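A closer look at the structure
The residues making up each chain are set out below.
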Amino acid sequence: MQYNRTYNFSAGPATMPEPVLEEIRDEMMNYRGSGMCVMEMSHRSPVYQQIIDEAEQDLRDLMHIPDNYRVLFIQGGATLQFAMIPMNLMKNGVACYVETGAWSKKAISEAKKYGEVHVVASSKDRNFCYIPDCSDLDIPENADYVYICENETIHGVTWPKLPNTKGHVLVSDQSSMFLSRPCNVSDYGLIYAGVQKNVGPAGMVVVIIREDLIREDLDPRTPVYMSYKTHADNGSMYNTPNCWAIYCCGKVFKYLKSIGGLEEMEKGNIAKAKVMYDFLDSSKMFTGTVDKEFRSLMNIPFVTGNKELDAKVVAATKAAGYDNLKGHKSVGGLRASVYNAMPKEGVEALVEFLKKFEEENG
Ligand SMILES: *Cc1c(COP(=O)(O)O)cnc(C)c1O
């Protein structure tokens, strides 16, 4: 390895594509003849305007975002959206949430501050190792939206099929699966993703929102920053945006386009996850914690069933150059996050290591 980099299986902030990091390095001291680094640039300068415009256009190209959707770059990470969504979309003050793990739980408790929240389905009974049946949910007529977390980063579950919202607006947290596969944007009213999982540096969220959901008649106490209209009317530059994150994300969007777009990402991600899941299914020491049909392509939790042995594996992997494999405390064991930028060779090397560990310690 040229830079002596570790294979980083972190759930986020997470590994970035090396060609993107190299490009950023090359532009660090003098961005394309501007005489300065992007970090030092006025966000009102023409050179920066081009960076943000291209980032938006490349994302639109990648996801085939229809013209009646706006793309917004907002700070506060994905977490701020837990509040912004009810503040902006609760017109009747009623919303439905599906509880599938740690991140949807957080969104639910925040939404409850703003209105009536119906948890219309939950997989809590088995510690969130599956997605509940959402083909016939009990959705009140006046519900403003139905909310899902499409990939639960901590529990490692993903939706094989979107819920039947019975004509209500669908809102999705795609933070840990954004751009990992093709997405039919018009199935949703709002998609959002904190970028530090699959795209870029932490501290920013991409919001893709259908134009008609952007309202003016919010509670007058709503902070100006927390209104989608503020961001939509000002091209995501009402105040100083996260210029650096937008620049880095833009590079990743361009890179993904250059390597074949989301269809290619999906193929690669399926092949990569298969290496890991095939191993887990054949191992006597390790087991995946999620029911097969709901397994995430991005976050793969697994356990030995013995806490001390789990800790021993984590320590051994770290010593061998595979970092951040410790599972979240609510699931325990280990978790391999294998986002877009994790090369297949990284997963293959990890599996070889775990096989050897099993042979020596089984
Ligand atoms: C990481 C994550 C969040 C929180 O992101 P922050 O940017 O830290 O606020 C929310 N939802 C999901 C699914 C995540 O993976």
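In short, a report on the structure. The shown structure was predicted, so the numbers you read here are calculated from the model rather than taken from an experiment. (Residues numbered from 1 in each chain as written. Predicted model: local features only at pLDDT ≥ 70, side-chain atom pairs only at ≥ 80, totals over all residues. Heavy atoms only, no water.)

Regarding the site of the ligand
Not every one of the 13 residues close to the ligand is listed here, only the nearest: Thr-79, Thr-153, Asp-173, Gln-196 and Lys-197. In this structure, an oxygen atom belonging to the ligand sits 2.5 Å away from a side-chain N or O atom of Thr-79. In terms of residue class, the shell around the ligand is made up of four nonpolar, seven polar and two charged. (Near = heavy atom within 4 Å. Polar contact = N/O pair within 3.5 Å; in protein donor to acceptor, adjacent residues only side chain to side chain. Nonpolar A, V, L, I, M, F, W, Y, C, P; charged D, E, K, R; others polar.)

Side note on the nonpolar core
Met-63 and Leu-179 are the most contacted members of the largest nonpolar core, which has 60 residues in total. Ranked by residue count, the leading element in this core is helix H6 (residues 243–258), at nine residues. When residues of this core are assigned to domains, at least three fall in each of domain 1 (19–258) and domain 2 (261–361). Leave out the neighbours within four places in its chain, and Met-63 touches Gln-174, Phe-178, Leu-179, Cys-183, Val-185, Ile-208 and Leu-262. With 31 residues, the next largest nonpolar core counts Ala-83, Leu-89, Tyr-147 and Val-169 among its residues. (Core = buried A, V, L, I, M, F, W, Y, C linked by side-chain atoms within 4.5 Å. Buried < 20%, exposed > 50% of the residue type's maximum accessible area, 1.4 Å probe, protein only. Helix = DSSP H or I, 4+ residues; strand = E, 2+ residues; numbered from the N terminus. Domains from an automatic or database assignment. Contact = heavy atoms within 4.5 Å.)

Examining the pattern of salt bridges
For the structure shown, the criterion picks out 26 salt bridges. A salt bridge links Glu-27 to Lys-251; the nearest nitrogen and oxygen atoms lie 2.9 Å apart. Residue Glu-27 is found in helix H1 (residues 18–27), and its partner Lys-251 is found in helix H6; the two are separated by 224 residues along the sequence. Overall, Glu-27 belongs to the buried group, its relative accessible area being 11%. According to the relative accessible area criterion, Lys-251 is buried, its value standing at 9%. Note that Asp-291 and Arg-126 form a salt bridge whose closest N and O atoms lie 3.0 Å from each other. Taken together, the residues Asp-291 in the loop between strand E11 (287–288) and strand E12 (299–303) and Arg-126 in the loop between strand E4 (116–122) and strand E5 (146–149) connect sequence positions 165 residues apart. (Salt bridge = Lys/Arg side-chain N within 4 Å of Asp/Glu carboxyl O.)

All we've got here are geometric facts, nothing functional implied.
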